[in-house]
Amino acid sequence: MNREQKKQIVAELKEALSENDSGILTSYKGLSNAELTTLRNKLRQLGIEYRVVKNTLARFAAEEAGKDFLADAFNGTVAIAFCHDEITQPAKTLTSYIDSSDTTLSIFGGFLGKQLLSQEDVKSLATIPPREILIAQVLAGMQAPITGLVNCLANPLRDFNGILQARIKQLEEN
């Protein structure tokens, strides 16, 4: 690989690191080309970019992108999963792929904003519900006090209506 190709790869990685606030770092050691291709296709269908990186070039790209904390993470066989939409999607997809298949793929960390994530952090990130569900939970939490107030205000009317219905029924029987 000549110097121009290396510069181009560093520029592409820098752009990917700059554009994405999160990424999952994996070790693909022991994966066959067929397994790696299958994984890439599965991730691509979900809008996740999976890039195998050269450690030295990745360190340069991380430093240029302002993510110096990532430089020490590039050791061994490293690939990065980026997602432009849902922050938790790469973690969920990779975790489920590892759990469902007999693979040597392993997650060893990631990054979120300017913070380096450990393996445990990535696993907890994978358990977070999707964005739509989180929004629904927040809205339900905001709606609960209003619903409670409406029920409290409506209870006396319901009780009064029940008393009137009972009296009407009593008078009809006589």
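That block above? That's the structure.
Criteria and thresholds
- All residue numbers refer to position in the chain's written sequence, counted from 1.
- Where local features are concerned, this predicted model is filtered to residues with pLDDT of at least 70; where side-chain atom pairs are given and counted, the filter is 80 or more; whole-chain, interface and lining totals use all residues.
- Hydrogens are left out, water is left out, and the side-chain values use all remaining heavy atoms of the structure.
- Salt bridges are defined by distance alone: a side-chain nitrogen of Lys or Arg within 4 Å of a carboxyl oxygen of Asp or Glu.
- Every helix listed is a DSSP run of H or I at least four residues long, and every strand listed is a run of E at least two residues long, numbered separately from the N terminus.
- Between buried and exposed lies partly exposed: a residue is buried under 20% and exposed over 50% of the maximum accessible area for its type, with that area taken using a 1.4 Å probe on protein chains only.
- We call a set of buried residues a nonpolar core when its members are Ala, Val, Leu, Ile, Met, Phe, Trp, Tyr or Cys and they connect through side-chain atoms within 4.5 Å of each other.
- Should any heavy atoms of two residues lie within 4.5 Å, those residues are counted as being in contact.
- Patch construction takes residues with relative accessible area above 30% that form no salt bridge. Like charges are linked within 9 Å, and nonpolar side chains (Val, Leu, Ile, Met, Phe, Trp, Tyr) are linked within 5 Å.
- Under the convention used here, a 1.4 Å probe and the Shrake-Rupley method define accessible areas, while residue burial counts only the protein chains that appear.
- Should DSSP find at least two bridges between two strands, the strands are regarded as paired.
- Convention adopted: a line fitted to C-alpha atoms gives each axis, helices being fitted over their contacting stretch, and angles between N-to-C directions are expressed from 0 to 180 degrees.
- By arc we mean the arc of the directions from the helix axis to the C-beta atoms, nothing more.
- An angle below 35 degrees is read as roughly parallel, one above 145 as roughly antiparallel, one from 65 to 115 as roughly perpendicular, and any other as oblique.
- Crossing handedness: left-handed means the near helix sits turned counterclockwise from the far one by under a right angle, and right-handed means the same turn made clockwise.
- Residues are sorted three ways: Asp, Glu, Lys and Arg are charged, Ala, Val, Leu, Ile, Met, Phe, Trp, Tyr, Cys and Pro are nonpolar, and all the rest, Gly among them, are polar.

**Q** Summarise the pattern of salt bridges; cite the residues concerned and give the values.
**A** Here the idea is simple: oppositely charged side chains can pair when their charged atoms come close. This model, assessed by the stated rule, comprises two salt bridges. With a shortest N-O distance of 3.2 Å, E12 and R51 are connected by a salt bridge. Here E12 is found in helix α1 (residues 3-19), whereas its partner R51 is found in strand β2 (residues 48-53), with 39 residues between them in sequence. For E12, a relative accessible area of 33% puts it in the partly exposed group.

**Q** Lay out the nonpolar core with the relevant residues and their values.
**A** The biggest cluster of nonpolar side chains holds 20 residues, and the ones touching the most others in it are I24, Y28, L39, Y50, L94 and L105. At the level of elements, α2 (33-45), β2, β3 (78-83), α4 (89-100) and α5 (119-126) are the ones that each hand at least two residues to this core. Leaving out residues up to four positions away in the same chain, I24 has contacts with A79, I80, A81, P90, A91, L94, I107, G109, G110 and V122. Counting 18 residues, the second largest nonpolar core, distinct from the first, contains A16, L17, F74 and I80.

**Q** Outline a nonpolar patch on the surface, listing residues and values.
**A** Taken together, I135, V138, L139 and M142 make up a surface patch of nonpolar side chains, about 390 Å² in accessible area. With respect to the secondary-structure elements, L139 resides in helix α6 (residues 131-173).

**Q** Report on the sheet that holds β2, specifying residues and quantitative values.
**A** The strand order across the open sheet built from five strands is β2-β3-β1-β4-β5, with neighbouring strands paired in antiparallel fashion. With partners counted over all chains shown, the strands left at the sheet margins are β2 and β5 (115-117), one partner each. When strand polarity is set aside, the average angle formed by the axes of neighbouring strands in this sheet is 20 degrees. Note that strand β1 (residues 22-27) and strand β4 (residues 106-112) share six bridges and pair antiparallel. In the sheet register, L25 faces β4, and the bridge partner there is G109.

**Q** Talk me through α5; I want residue IDs and the actual numbers.
**A** Structurally, the α-helix is built with 3.6 residues per turn, so residues lying three or four positions apart point the same way. If you check which residues of α5 are buried, you get V122, L125 and A126. Along the long axis of α5, the arc covered by the buried residues comes to 100 degrees, so they all point the same way. In α5, those exposed residues whose orientation departs by more than 90 degrees from the buried face are E120 and K123. Among the structural elements, β1, α4, β4 and β5 are those in contact with the buried residues of α5.

**Q** An account of the packing of α1 against helix α3 (residues 55-64) is requested, with residue identities and associated values reported.
**A** The N-to-C vectors of α1 and α3 enclose an angle of 50 degrees; their axes lie 8 Å apart at closest approach. Between α1 and α3, the angle falls in the class oblique. Judged by the twist between their axes, the crossing of α1 over α3 is right-handed. Note on element contacts: α3 touches α1 through L57, A58, F60, A61, A62 and E64, opposite K6, I9, V10, L13, K14 and L17. Across the contact of α1 with α3, the residue classes break down as nine nonpolar, no polar and three charged.

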